[in-house]
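Coordinates in review
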Amino acid sequence: MTQHIASELVANVAQVHVEVGQKLEAGAEVVLLESMKMEIPMIIEDAGTVTDVRVTPGDVVQEGDVLVVID
């Protein structure tokens, strides 16, 4: 099952913790967003393999933007 990890708000990408091909366990943090001095970790629900990373640190993302795709 493909997971599209998307931003829930307008934010800056503070850190990207994954790369394409990396295998992840459920609950892994893939990206750390920052908005209004708050840090928001983006966490996957199910284990899988990273197939696409669409952001880099410093990017500004909008609500609904896909950050990472996991298969």
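This write-up is about the structure you can find in this document. (Residues numbered from 1 in each chain as written. Predicted model: local features only at pLDDT ≥ 70, side-chain atom pairs only at ≥ 80, totals over all residues. Heavy atoms only, no water.)

1. Some points on the sheet that holds strand β4 (residues 29–35)
Strand pairing in a sheet takes place through backbone hydrogen bonds and is either antiparallel or parallel in direction. Taken together, the four strands give an open sheet; going across it, the order is β5-β4-β2-β7, and neighbouring strands pair in antiparallel fashion. Here the strands that pair on one side only, and so sit at the sheet edges, are β5 (38–43) and β7 (60–61). One ladder, built from two bridges, connects strand β2 (residues 11–16) with β7; its direction is antiparallel. When the sheet's bridge partners are listed, Asn12 is paired in β7 with Val60. (Pairing = 2+ DSSP bridges. Helix = DSSP H or I, 4+ residues; strand = E, 2+ residues; numbered from the N terminus.)

2. A look at unusual backbone geometry
We note that Met36 has phi near 50°; this positive angle belongs to a residue other than glycine. Inspection of the secondary structure puts Met36 in the loop between β4 and β5. Given a relative accessible area of 76%, Met36 falls into the exposed group. (Buried < 20%, exposed > 50% of the residue type's maximum accessible area, 1.4 Å probe, protein only.)

3. Re the side chain of Ser7
Counting through the fold element by element, Ser7 comes out in the loop between β1 (3–6) and β2. Aside from chain neighbours lying at most four places away, what touches Ser7 is Leu33, Met42, Val61, Gln62, Glu63, Gly64, Asp65 and Leu67. (Contact = heavy atoms within 4.5 Å.)

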